[in-house]
Amino acid sequence: MKIRQQPGRNGSPRLKINRRRVVAMKQSMLYPRGSAARRVVDLGGMWKFCLDWDGKGDTEGWKDGIPGNEKIPVPASFNDFYTDKDIREFAGDFWYETEVFVPGEWKDMHVDLRFAALTHRGTVYANGQEIISHEGGFLPFSARIDDVVRWNEKNLVVVKGNNELSFTSLPAGITQTLKSGKKMVRPFFDFFNYAGIQRPVKLVAVPKEYIEDFTVNHRLDGADAYVDYQMETTGEHPVTVEVFDESGSFVTKAEGKAGTITIPNARLWEVRDAYLYRFVLKIMDGDAVLDEYEEEIGIRTFEIKGNSFLLNGHPVYLKGFGKHEDSDIVGRGYNPGVIKRDFELMKWIGANSFRTSHYPYSEEIYQMADREGFLVIDEVPAVGFFESLVNFVDAVSGKSTNFFERETVPELKKNHLAMLEDLIRRDKNHACVIAWSLFNEPDTMSESAVPYFADIFAKARELDVQKRPRTFAMELNSSPEKCTCYQFSDFLCFNRYYGWYLLGGYEMQDAEEAFRAELDAWLAKGVDCPFVFTEYGCDNLQGEYKLPSVQWSAEYELEYLKIYERVFDSYDCIKGEQVWNFADFQTVEGIMRVNGNKKGIFTRQRQPKTAAYYFKNRWEKLPVDYKG
Ligand code: CKX
């Protein structure tokens with residue numbers, strides 16, 4: 001099927017983003033849930049779709065209806081549906097359209113179109129009116145359509161998205177125009193730049209006076225738990241919070257927008273042994289309920305003492321993965337079947353944690369992690385802050401790209417802070433979220449990174465009521481000698497590839513010594529905090545075996561993993577191992593990748609590769625309080 005029109009010479013103009021409207025509204029980030037007072041309709045299905053090859057959508061008034069009759073599923077990435085390479089690689093504006101029936105019974109309510117993600121930016125139009133623009137492809141936003149809605153009728157919804165990369169986008173990269181006139185993105189990161197309406201869109205109706213936000217923090221005292229809470233509403237009517245246990249029995253009730261709830265003999269949320277209380281929030285007008293919203297919340301504390309992670313006061317050791325949202329055909333699109341399968345595989349292999357490398361994941365993944373008792377390092381999409389065009393050839397070069405010296409940095413930082421704020425607002429109540437990762441593999445070799453880091457780390461501390469530990473994942477250039485920013489981290493996260501990118505092949509025999517020398521150099525600096533290996537691993541092409549080993553074979557991978565095992569087991573400060581990656585995933589094409597990154601312990605189709613059995617054997621034996 002061909003949906004392409006002739007590409008224009010100069011490409012489409014960049015979408016102008018008006019974030020002010022979003023910020024001014026201080027969006028509710030609450031997950032959309034129906035209740036006696038709220039209505040939620042899922043708008044998933046086939047939407048009209050069109051790529052704007054010539055950048056003429058604005059001038060031709062596509063906000064009133066897009067051309068053609070092409071349809072694609074929402075949610076999904078658009079890239080992998082088609083057989084045309086120009087479509088897969090498309091860079092620019094893309095448009096979606098659908099009709100939404102809004103019931104007349106909702107006339108006295110606010111009505112929002114809630115996008116869980118639109119990658120990387122976009123504008124929403126309802127009945128031809130521009131409602132909202134949003135920057136950032138991995139966090140939710142809502143378009144309030146009260147002023148333009150046609151009650152008890154079909155309403156036209158048009159979305160203009162854009163997937164271009166730049167020095168101010170998160171993730172970062174560039175967009176270039178080829179001699180043919182076609183545009184292409186060059187990511188400074190190692191995953192395919194999937195785009196589109198990648199997560200669910202919902203029509204949400206809330207009462208005129210409604211609950212906007214709810215925040216909890218936990219304290220423990222003996223067998224009892226204290227939950228300090230805060231509720232934000234849009235009015236002044238009194239509010240209540242009721243708590244129910246997993247059997248549905250009433251536990252306790254509090255009144256007022258802020259306070260402390262005591263839960264005697266609390267059943268705590270533990271690793272792989274989760275327990276979730278149901279918090280029911282209400283706005284009351286006498287006996288009448290004006291609004292009602294509920295959330296499942298696990299009670300737990302998480303802190304760092306010396307070089308230990310303490311969950312509910314007890315040491316925990318992280319075993320698991322860096323992951324991606326990535327699967328066949330739908331790309332980075334929300335895929336509940338894959339989410340379920342991934343959790344089953346993580347349980348099978350004995351894992352207890354993962355990092356949301358390299359962007360905030362779908363909300364349903366955190367809900368599942370809460371339910372299954374997984375520990376999550378939650379990452380902002382601050383990846384590609386190191387100018388490296390051919391995957392990671394420059395990442396071990398020792399050369400700074402002076403990334404934080406560009407004139408575009410203030411704009412980048414503004415976007416970074418806005419996404420950090422939305423991330424924390426969205427994910428702050430999840431028991432599974434134990435830490436914030438504020439960058440992946442940034443260029444920290446120059447002093448110019450320091451003020452940028454100082455502001456981002458300070459903001460995370462200010463925004464998070466639970467004061468979770470903050471970190472960033474450091475690649476090899478962030479060495480003990482050169483890294484200017486490690487001191488901001490509450491624990492150190494290392495992405496290390498001794499024996500692969502460095503000292504690979506026959507030279508791997510020298511890898512362990514170099515690896516230990518680096519760790520000793522960090523300790524010699526007097527660093528006293530947990531170390532987590534948030535990446536290590538090597539590519540393995542499924543089915544490739546070779547004796548003696550060669551790179552890319554299963555044998556080589558096992559020899560490599562044995563080095564890491566010896567090192568991990570001999571340093572007390574190492575409190576976590578998250579191998580790269582959970583599954584093979586799509587990247588740009590190039591000489592570094594064989595149709596994607598093959599460091600998966602599972603295939604992209606979620607079947608075990610040889611190393612999966614190695615990890616199952618190791619992780620099932622490691623107790624949760626290993627080295628505690
Ligand atoms: N770390 C030397 C970031 C990931 C990549 C991984 C890799 C790099 C390695 C940096 O997004 O996929 O190259 O496999």
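Refer to the structure presented above.
Things to note about the sheet that holds strand β18 (residues 277–285)
With antiparallel pairing, the four strands of this open sheet are ordered in space as β16-β15-β18-β19. Whereas interior strands pair on both sides, the edge strands pair on one side only; in this sheet they are β16 (250–255) and β19 (288–297). Recorded for the sheet is a direction-independent mean angle of 20° between the axes of neighbouring strands. In this sheet, β18 lies alongside strand β15 (residues 239–244) in antiparallel orientation, the contact comprising six bridges. Note that in β18 the partner of Glu242 across the bridge is Val280.

Section: the nonpolar core
Counting residues in hydrophobic clusters, the biggest one holds 116 residues, and the most contacted among them are Phe321, Phe385, Phe439, Phe531, Tyr536 and Ile574. Broken down by element, the residue count for this core peaks at seven residues, all from helix α8 (residues 554–570). If sequence neighbours within four positions are ignored, Tyr536 has contacts with Arg496, Tyr497, Tyr560, Leu561, Tyr564, Phe568, Glu577, Gln578, Val579, Trp580, Phe615 and Trp619. Listed in part, the 37 residues of the second largest apolar core include Ile87, Ile131, Val201 and Ala205.

Brief notes about the site of the ligand
The local shell around the ligand holds 14 residues, among which Asp190, Glu441, Tyr501, Glu535 and Lys599 are the closest. Here a nitrogen atom of the ligand and a side-chain polar atom of Glu535 are 2.6 Å apart. Between an oxygen atom of the ligand and a side-chain N or O atom of Lys599, the distance comes to 2.5 Å. Coverage of the ligand by the protein chains reaches 99% of its 360 Å² of free accessible surface. Counted by class, the shell around the ligand contains six nonpolar, three polar and five charged residues.

What about the pairing of strand β6 (residues 121–126)?
Most of β6 is tucked away, with six of its six residues classed as buried. Every second residue of β6 is oriented toward a common face, with Arg121, Thr123 and Tyr125 on one face and Gly122, Val124 and Ala126 on the other, all of them buried. What sits between the antiparallel neighbours β6 and strand β7 (residues 129–135) is a turn of two residues, in which Asn127 has the positive phi angle 50°. Pairing between β6 and strand β9 (residues 153–162): six bridges, direction antiparallel. Bridging from a neighbouring strand, Gly122 pairs with Gly161 of β9.

Examining the packing of aromatic side chains
On inspection of all chains with the given rule, the structure shows 68 aromatic pairs. Ring geometry for Phe321 versus Trp619: centroids 5.4 Å apart, planes at 80°, classification edge-to-face. Taken together, the residues span a long stretch of sequence, with Phe321 in strand β23 (residues 318–322) and Trp619 in helix α9 (residues 610–621) at a distance of 298 residues. Under the relative-accessibility criterion, Phe321 is labelled buried at 0%. Residue classification places Trp619 among the buried residues on the basis of a relative accessible area of 1%. One cation-aromatic arrangement involves Arg278 over Phe244; the distance from NZ or CZ to the ring centre is 4.8 Å. Seen from the ring of Phe582, Lys323 lies directly overhead, with NZ or CZ sitting 4.6 Å from the centre.

Considerations on unusual backbone geometry
The step from Ser357 to His358 runs through a cis peptide bond, and the omega angle for that step is -5°. With respect to the helices and strands, the residue His358 is situated in the loop between β24 (353–355) and α4 (363–372). Cis geometry is adopted by the peptide bond preceding Pro548, which originates at Leu547 and carries an omega value of -10°. Structurally, the position occupied by Pro548 is in the loop between β29 (531–535) and α8. Residue Asn402 is not a glycine yet carries a positive backbone phi of 45°. As for its position among the elements, Asn402 is in the loop between β25 (375–379) and α5 (409–427). In this structure, Arg606 takes a positive phi of about 65° despite not being glycine. Judged by its relative accessible area of 4%, Arg606 falls in the buried class.

Describing the packing of helix α3 (residues 336–349) against α4
The interhelical angle for the contact between α3 and α4, taken along N-to-C directions, is 35°, at an axis separation of 11 Å. The two elements α3 and α4 cross, and the hand of that crossing is right-handed. Within the contact between the two elements, α3 uses Ile339, Lys340, Phe343 and Lys347 and α4 uses Ile365, Met368, Ala369 and Glu372. Taken together, the residues of the contact of α3 with α4 sort by class into five nonpolar, no polar and three charged.

Scoring rules and cut-offs
Residues numbered from 1 in each chain as written. Predicted model: local features only at pLDDT ≥ 70, side-chain atom pairs only at ≥ 80, totals over all residues. Heavy atoms only, no water. Pairing = 2+ DSSP bridges. Helix = DSSP H or I, 4+ residues; strand = E, 2+ residues; numbered from the N terminus. Axes fitted to C-alpha atoms, helices over the stretch in contact; angles between N-to-C directions. Core = buried A, V, L, I, M, F, W, Y, C linked by side-chain atoms within 4.5 Å. Buried < 20%, exposed > 50% of the residue type's maximum accessible area, 1.4 Å probe, protein only. Contact = heavy atoms within 4.5 Å. Near = heavy atom within 4 Å. Polar contact = N/O pair within 3.5 Å; in protein donor to acceptor, adjacent residues only side chain to side chain. Areas by Shrake-Rupley, 256 points an atom, 1.4 Å probe, with all protein chains shown as cover. Nonpolar A, V, L, I, M, F, W, Y, C, P; charged D, E, K, R; others polar. Phe/Tyr/Trp six-rings, centres within 6.5 Å; stacked < 30°, edge-to-face > 60°. Lys NZ or Arg CZ within 6 Å of the ring centre and 35° of its normal. Left-handed = near helix turned anticlockwise from the far one by under 90°.

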